[in-house]
Amino acid sequence: DALKHAEALVDAAQDCLQQHTKLKRDKRLVDYGDMLSLAHELLINNPDVLKDFSKNVDCVVIDEFQDTNPLQFSLLWALHRQGIPTLVVGDVKQAIMGFQDADSRLLEELVKSDIAGISQPLSENWRTVKPLMEILNTMGSCLFPGSYQQLTPRVEETSQYQPLQIINFRKSTSKQFCGNHIAAHVKSILQDQKSVLDSKEYRAVRGGDIAILLPTNSLIETYASSFRDAGLTVQIDETGWFESRSVQLLYYGLLFVADPADRHAALYLSTTELGSSSLQDTLTKLINNEKLNEPVLEKISDLHNSLRDRDVCSLVREVIAKLDLFNILSIWPNAEKERANILRVLAEANEFNTTKPETLEASGLYGFGLKTFLAWLLKRREIDNTLPRSKAVNNDAITLTTWHKAKGREWPIVAVCGTSKNYNVKLPSLDIQYQDFSDFDEILNKADIEFSPSFAAIETNENFINPLLEEAEKNGLRLLYVAMTRAKEQLILERTGHQEEKETLSYWNLLHHCTGMSFTDKKIQVGGKSYSFTQKNIDKEEVGTEDQE
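No experiment lies behind these values; they were computed from the predicted model shown. For every chain, the first residue of its written sequence is number 1, and the numbers climb from 1 along that sequence. It should be noted that, the model being predicted, local features are given only for residues of pLDDT at least 70 and side-chain atom pairs only at 80 or more, the latter also being counted only at that level, while totals for whole chains, interfaces and linings use all residues. With hydrogens and water excluded, all non-hydrogen atoms of the structure serve as input to the side-chain values.

**Student:** What should I look at first to understand the sheet that holds strand 16 (residues 523-526) in this one?
**Tutor:** Working definition: the strands of a sheet are paired by backbone hydrogen bonds and lie parallel or antiparallel to each other. The strand order across the open sheet formed by three strands is 15-16-17, and the pairing between neighbours is antiparallel. Edge positions in the sheet fall to strand 15 (518-520) and strand 17 (529-532), since each has one partner strand and no second. Each strand axis lies, on average, 30° off the axis of its neighbour in the sheet, ignoring direction. When checking whether two residues touch, look at their non-hydrogen atoms; a contact exists if any pair is within 4.5 Å. Note on geometry: axes are lines fitted to C-alpha atoms, helical ones only across the stretch in contact, with angles between N-to-C directions running from 0 to 180 degrees. Put simply, DSSP marks the helices as runs of H or I at least four residues long and the strands as runs of E at least two long, and each gets a number from the N terminus on. The strands touched by helix 6 (residues 130-143) are strand 16 and strand 17; relative to strand 17, the strand with the most contacts, the crossing angle is about 145°. Here the rule is simple: two strands pair whenever DSSP picks up at least two bridges between them.

Spelled out as structure tokens, the structure:
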């Protein structure tokens, strides 16, 4: 049955893709995947084109090569085989983008191949202070035995911070409880006012020097709540832009302008802070088909008659002005954020105005009127519903972000939290397997799609999960490594000591097992080496009552 279902799924997907491809071709549109596949087909199947192309390219440089997928690899390999000088930069230890079809095995096999003789590993670190780098080097050797390149620290300045701190939750607790204690600890760091390095100069620590890294967005929301309750300013990529109060007021205002007979829009505007009626009175009038004599509706009703003569961008600005939105928002507690939300609507209107008709039609949108723009907004919400930041940079705001999004960034003080989360394999799973890597020219022909279905029977699922656990563990180790190496002066680890005696697939147990961590009085043993550290053991439910070693 599973095989039949998989076959039906693949057949249906192929049919959909073929129809999608035909529609794009008819409208002369390409997407990101087409850019790769069409370029690959053009160069691979037309040697003369590849030859002419190579004459115009002096050198090809590819960064983050560990995030390459098979199609990208085949395209880049064709350029290399044509004789174009190629520089590849990558780090398998930071290969954490597998969910986007990246395949780090391609870089691993490339290094093992005949051209490995001209490869050069990175051997220096210009980010991290020496005491912390020594600990990270030892951890790296444990996480990636036999393949880790020791990095020589080149930061000559010293730090006022203990390189490693551990917050140990010795009993099972809620995520909110953990967030409360991490927030209290960060608050104490800011109150101590020690100095951090900034371009080889020392200055007092501030919120922007600290990052809290978590495995999931839901945990970010939980911890952010704890930090705000502690009176700390945070900077996170929050969702809910379209649902924000300011955008909803403007959206319903635009709905009413587009169609004054829209009873729902009229009801909404009349009963908000923009109107003057109660919900009960307004509903009664609507049920009795009575006219709503609301000043807020009268302000914008005349705009409907000028829809054909106005572009969307000017209409949006006019509705904002007539509703006096910016002045109303100015007295709200979160005025800056709400203003930023409205400014994004204006930016969307401007982009809508400049979008070509065929591009809109490809998305199922027709015309350039206000109703089409409102449908555009709904689609934009599905693509990106992130709240815009009211300030480009806030030096006092503590960054809360995911382990994935922290890649490529750095902070003086980094807390790696949420380590109690499991790295379980999720079914169904779609993966790529290779017959072998003996011929990179044939890499696509030797790649197969492997589908692991999900069953109602737990025992059956285990047969599919077990072969995938090894790769899940490798990805977990890379995520931990990326998160820990974001720190420049101090690394804070959230330890779940209560899990260490249990056979759970948590990130902490993975780190604890691979590094062989053990703890004595003010010393931590990692990979057979001893380092100084500080640890806070937390047992009680009251913030600030933790024991300290």
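Once you've had a look at it, read on.
**Student:** Can you help me understand the environment of P70 in this one?
**Tutor:** Mapped onto the elements of the fold, P70 is located in helix 4 (residues 70-81). Throughout, exposure labels follow a simple rule: accessible area from a 1.4 Å probe, protein chains only, divided by the maximum for the residue type, with under 20% read as buried, over 50% as exposed, and the rest as partly exposed. Among the residues examined, P70 registers a relative accessible area of 8% and is labelled buried. Along the sequence, P70 and A447 sit 377 residues apart, while their C-alpha atoms lie 8.1 Å from each other. When residues no more than four places from it in sequence are discounted, the contact partners of P70 are D101, L106, I432, Y434, I443 and L444.

**Student:** How should the pattern of salt bridges be read in this particular structure?
**Tutor:** Think of a salt bridge as a Lys or Arg side-chain nitrogen and an Asp or Glu carboxyl oxygen that are within 4 Å of each other. One pass over the full model with this rule turns up 26 salt bridges. As a salt-bridge pair, E500 and R495 come within 2.7 Å of each other at their nearest N and O atoms. Each of R344, E348, E351 and R380 takes part in salt bridges that share partners, so that together they form one network.

**Student:** Would you mind going over the packing of aromatic side chains with me for this structure?
**Tutor:** Ring pairs shown here join Phe, Tyr and Trp side chains whose ring centres sit within 6.5 Å, with only the six-membered ring taken for Trp; geometry is labelled stacked below 30 degrees between planes, edge-to-face above 60, and tilted in between. Within the structure shown, the criterion is met by 19 aromatic pairs. Their ring planes at 85° and their centres at 5.5 Å tell us that F144 and Y481 sit as a pair that is edge-to-face. Of the two residues, F144 sits in the loop between helix 6 and strand 4 (152-155) while Y481 sits in helix 18 (residues 458-484), which places them 337 residues apart along the sequence. Neither F144 nor Y481 differs from the other in exposure class; each is buried. When the centroid spacing of 6.0 Å and the interplanar angle of 70° are considered together, the rings of F169 and F177 count as edge-to-face. Per residue, the accessibility class of F169 equals that of F177, and both read buried. Joined through ring pairs, the aromatic side chains of W241, F242, Y251, Y252 and Y268 make up one cluster. The side chain of K194 reaches across the aromatic face of Y161, ending 5.6 Å from its centre. Over the ring of W241 we find R344, and its NZ or CZ is 3.7 Å from the ring centre. Charge-over-ring contacts are defined here by two conditions on Lys NZ or Arg CZ: a distance within 6 Å of the ring centre and an angle within 35 degrees of the ring normal.

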